[in-house]
Structures are given as C-alpha cells and as structure tokens.
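Single-letter residue listing:
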Amino acid sequence: MTQFKFPQNLADHLENEIYNKLIASVQTDVDKYNSMWAKREQAGKTYDTHKVYKSMYNKVVEEKVYYYQLSKGLLSITFFQEDSYGQMANDYYRPWHCKVNLEACFKSARQQRDHSVALCEQRVNSHLAITDEVKINTLKLGKGNLIEGFVSGVTATNENYKIYLQMMWNYRYGENSANGYMTQYVQYRSDRRGARQEGKSVQQAITDAERQAKRDAKQAIVDQKNLAKWEKFQKLPVQMEKWIDKEIKTLAAIISDKGLADIQKQADRMGYEFDREWKIKSISKDIETHNALRNDLRHWQNDETGLKSLFDKGIDTRNKLKEMYGV
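Note that the structure is predicted; figures quoted are calculated from it, not measured.

Parameters and conventions
- Residues numbered from 1 in each chain as written.
- Predicted model: local features only at pLDDT ≥ 70, side-chain atom pairs only at ≥ 80, totals over all residues.
- Heavy atoms only, no water.
- Pairing = 2+ DSSP bridges.
- Helix = DSSP H or I, 4+ residues; strand = E, 2+ residues; numbered from the N terminus.
- Buried < 20%, exposed > 50% of the residue type's maximum accessible area, 1.4 Å probe, protein only.
- Arc of directions from axis to C-beta.
- Patch = residues over 30% accessible without salt bridge, like charges linked within 9 Å, V, L, I, M, F, W, Y side chains within 5 Å.
- Areas by Shrake-Rupley, 256 points an atom, 1.4 Å probe, with all protein chains shown as cover.
- Salt bridge = Lys/Arg side-chain N within 4 Å of Asp/Glu carboxyl O.
- Polar contact = N/O pair within 3.5 Å; in protein donor to acceptor, adjacent residues only side chain to side chain.
- Contact = heavy atoms within 4.5 Å.
- Lys, Arg positive; Asp, Glu negative; His and termini not counted.
- Charge placed at Lys NZ, Arg CZ, Asp CG, Glu CD.
- Core = buried A, V, L, I, M, F, W, Y, C linked by side-chain atoms within 4.5 Å.
- Phe/Tyr/Trp six-rings, centres within 6.5 Å; stacked < 30°, edge-to-face > 60°.
- Expected span 1.5 Å × (residues − 1).

Draft legend 1. Geometry of the pairing of strand 2 (residues 59-64). Across six bridges, the pairing between strand 1 (residues 49-54) and strand 2 is antiparallel. Each bridged residue has a counterpart across the sheet, and for His-50 the counterpart in strand 2 is Glu-63. Counted between consecutive antiparallel strands, the loop separating strand 1 from strand 2 contains four residues, among which Asn-58 sits at a positive phi close to 55°.

This is the structure in structure tokens:
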C-alpha cells in the first residue's frame, strides 16, 4: 500500500513561518509586561491589581493579579523572591521581567505544523485506493499562504489518475487562538481526476490499522493483567490448603466432647435449649464441604490444566473459589 507523504521541505517552511510569527506575537506581550512591571516598581508597588466581578456579592472588586499560570505558557518569567517558611520562593504576585520562551514556542510551532501536515496527508490519502501507486508529487509553494499541485500515479489496472490539491492557511491571534497568541488554521480543496478510485482508500486502511493497534494495545494490557492474576491464582491451592486445615480443625473442635460440653454449659447458663444432635449434624456437613474443597486443592497442586480450566471459567479469585464450594 502506497501512502502519500507531505514533502519535508514544505513541512519545514510551515514550521519556520509559524515559529517566526509566533515569536513576534509573544514578543508583543513581553514588551507590554516588562513596561508595566517596570512602572509598578518605580511607583513603589509590589503587586498589580485588576477588577473582577464577584457574582456571590453582585459587585466588581479589585484583586491582586496572580501570575502563576502565565508563567506556564509561552513566556519565561523571572519573579521577585520571597521568604516561604525559611526558603526563598517565587512571589507570583510580583513578576520582575520576562522574555519569549523559545523552547515552548518551538514545541508549539512543531505541533501546529504536524497537525496541518496530518490533515493534508489524510485529505490526499482519502483519494488514494490501497492498490494505487503514487508516481509524481508536484506540490509546491504558491503565492501567499498557499501550497498547490497534484499527486499522480497508476491504478492496479495501469490506468492514470491525478489528485489535485490546494492547501491554504491563515492565522488566528490573541483570544481567538488556541494558545492565546497565534495558531494556524488550514483549509483544503482537492479532487481526483482520471481513473476512478476502486475499493478501500489508503486513509481508511490507515484508520483501520490505527484502530486495530489500539484494540491490540488494550488487549495486551488485559492479557498482562490476566497473566499476573493467573500467576497469583496458581499459588492458591497450597495457600488455601493451609487455611482450610485450620478451619476443619476449628469445626471439629466444636463437636468434640469438650466443645459440645462447653456449648451445653453456655445454654444452661443463658437459659436456652441446646439441640446437640442438630449441632453435630450441621457442623459435620460443614466439615464435609471443607474436606471436598481440601481434596480438590490437593489435586490441583498436581493438575495445572484443571486449575487453568477453572480459572478460564471465571473462578479466578480466592473468594470466588470459596463461594463455589459454599465455605
């Protein structure tokens, strides 16, 4: 299957343009804030204020500006320091000066470029059949914010096709942008001419493969958890045999001569009638149930296949195994 790949030189052009425009946009804020903060310091103030509407009080109040979130964006801010429990820390109410965070701008430009490139590749690949072969790619920069050209090749039956594409972009600034400064948005025009597209498109095949990869990844996590659960469950026959031995001894002690005598004494003391025969019958039945589980536990210690069959049926925890036997 031949996939259309966006030309690297055009991707680099997009990234450089976004990066330079983004830096220029952020620099405007840098100049504004540095001037504002310098005037604040000259006035002898240690914080800025702004007016905020408080719905609880139904009035506008003046509050100190907290600059912590601003420092997490595309600005690199240096704050004055304050003593915080014996250690010096940033005073987020009192920024000193700032500059453009070049690393954050580069990361944002790269992400925006990748987004635009991915949309373009999806557009062209939606016109390509999985049996098509790409021969020529004439995409190039046009006038203004434009990339145009065509992608051509042959079908499985050696028929020619051409996919014409125009990629246009513009920028949103300030509050209209995704990052508060500048983001690129793109639009496309495309159509396929010549031989018809037959069968599944390349883009659909890519989408199907991505979905399958996600399903496989989820299944791998499930399988890993089940494997860990099975490894833990394998130890249960030995662990539970020790526990059930104690349980059987405890039950046997209840219907021993001493145990029954102690129950009779308690009944006499508290004034109720003790049914000795019922007690022996009831506890004996419990012992029989516990013995059945113990015998199976001993068997499973040498029969991993039988234990795994039980595990695969959903009896995969200690409590479920106890519930199965009623103990």
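Draft legend 2. Broad picture of helix 7 (residues 304-312). Of all the residues in helix 7, the buried ones are Leu-307, Leu-310 and Phe-311. Seen from one end, helix 7 has its buried residues packed into an arc of 100°, which puts them on one side. Those residues of helix 7 that are exposed and aimed more than 90 degrees away from the buried face are Thr-305 and Asp-312. A positive backbone phi angle near 105° is found at Gly-314, which sits one or two residues after helix 7.

Draft legend 3. Structural context of the environment of Asn-137. Along the polypeptide, Asn-137 turns up in strand 5 (residues 133-137). Sequence spacing of Asn-137 and Arg-215 is 78 residues, and the spatial spacing of their C-alpha atoms is 34 Å.

Draft legend 4. Quick look at a nonpolar patch on the surface. Taken together, the side chains of Tyr-47, Tyr-66 and Tyr-93 define a hydrophobic patch exposed on the protein surface, amounting to about 310 Å² of accessible area. Along the polypeptide, Tyr-47 turns up in the loop between helix 1 (8-42) and strand 1.

Draft legend 5. Geometry of the side chain of Asp-245. Mapping Asp-245 onto the fold places it in helix 4 (residues 236-254). A polar atom in the side chain of Asp-245 sits 2.6 Å from the side chain of Arg-294. Those residues in contact with Asp-245, other than ones at most four positions away along the chain, are Arg-294 and Arg-298.

Draft legend 6. Expanded view of a positive patch on the surface. On the surface, Arg-211, Lys-214, Arg-215 and Lys-218 cluster together into a patch of positive charge. One can find Arg-215 in helix 3 (residues 202-233). Exposure remark for Arg-215: the relative accessible area of 46% places this residue in the partly exposed category.

Draft legend 7. A look at the nonpolar core. Phe-6, Val-26 and Met-167 are the most contacted members of the largest nonpolar core, which has 44 residues in total. For this core, the secondary structure elements donating two or more residues are helix 1, strand 3 (75-84), strand 4 (87-100), helix 2 (102-125), strand 7 (146-154), strand 8 (160-173), strand 9 (182-194) and helix 3. Considering every element that reaches this core, the biggest residue donor is helix 1, with ten residues. Among residues more than four places away in sequence, those in contact with Val-26 are Leu-74, Leu-75, Val-100, Cys-105 and Tyr-181. Formed by 14 residues, the second largest nonpolar core is a distinct cluster that contains Trp-230, Phe-233, Ile-315 and Tyr-325.

Draft legend 8. The arrangement of the packing of aromatic side chains in detail. The full count for this structure, using the stated rule, is 14 aromatic pairs. Both rings, one in Tyr-19 and one in Phe-106, keep their centres 6.3 Å apart while their planes meet at 80°; by these two values the pair is edge-to-face. One end of the pair, Tyr-19, is in helix 1; the other, Phe-106, is in helix 2, and 87 residues separate them in sequence. Overall, the relative accessible area of 22% leaves Tyr-19 in the partly exposed class. Phe-106 gets classed as partly exposed once you look at its relative accessible area, which sits at 39%. Aromatic pair Tyr-68 and Tyr-92: ring centres 5.0 Å apart, planes at 90°, arrangement edge-to-face.

Draft legend 9. View of the side chain of Ser-25. With respect to the helices and strands, Ser-25 occurs in helix 1. Among residues more than four places away in sequence, those in contact with Ser-25 are Tyr-173, Tyr-181 and Met-182.

Draft legend 10. Spotlight on helix 5 (residues 257-270). Between its terminal C-alpha atoms helix 5 stretches 20 Å, which fits the 20 Å expected from 14 residues at 1.5 Å a residue. Along helix 5, the residues that are buried comprise Gly-259, Leu-260, Ile-263 and Ala-267. Buried residues in helix 5, looked at end-on, bunch into an arc of 95°, giving them a common side. Looking at helix 5, the residues exposed on the side facing more than 90 degrees away from the buried face are Asp-257, Lys-258, Lys-265, Asp-268 and Arg-269. Gly-271 sits one or two positions beyond helix 5 and adopts a positive phi of about 80°.

Draft legend 11. The pattern of salt bridges, seen in detail. In total, this model carries 19 salt bridges according to the counting rule given. Measuring nitrogen to oxygen at the nearest pair gives 3.1 Å for the salt bridge that ties Asp-316 to Lys-320. Judged by its relative accessible area of 36%, Lys-320 is partly exposed. Sharing partners across several salt bridges, the network here consists of Asp-12, Glu-15, Arg-110, Arg-113 and Asp-114.

Purely geometric numbers; function is a separate question.
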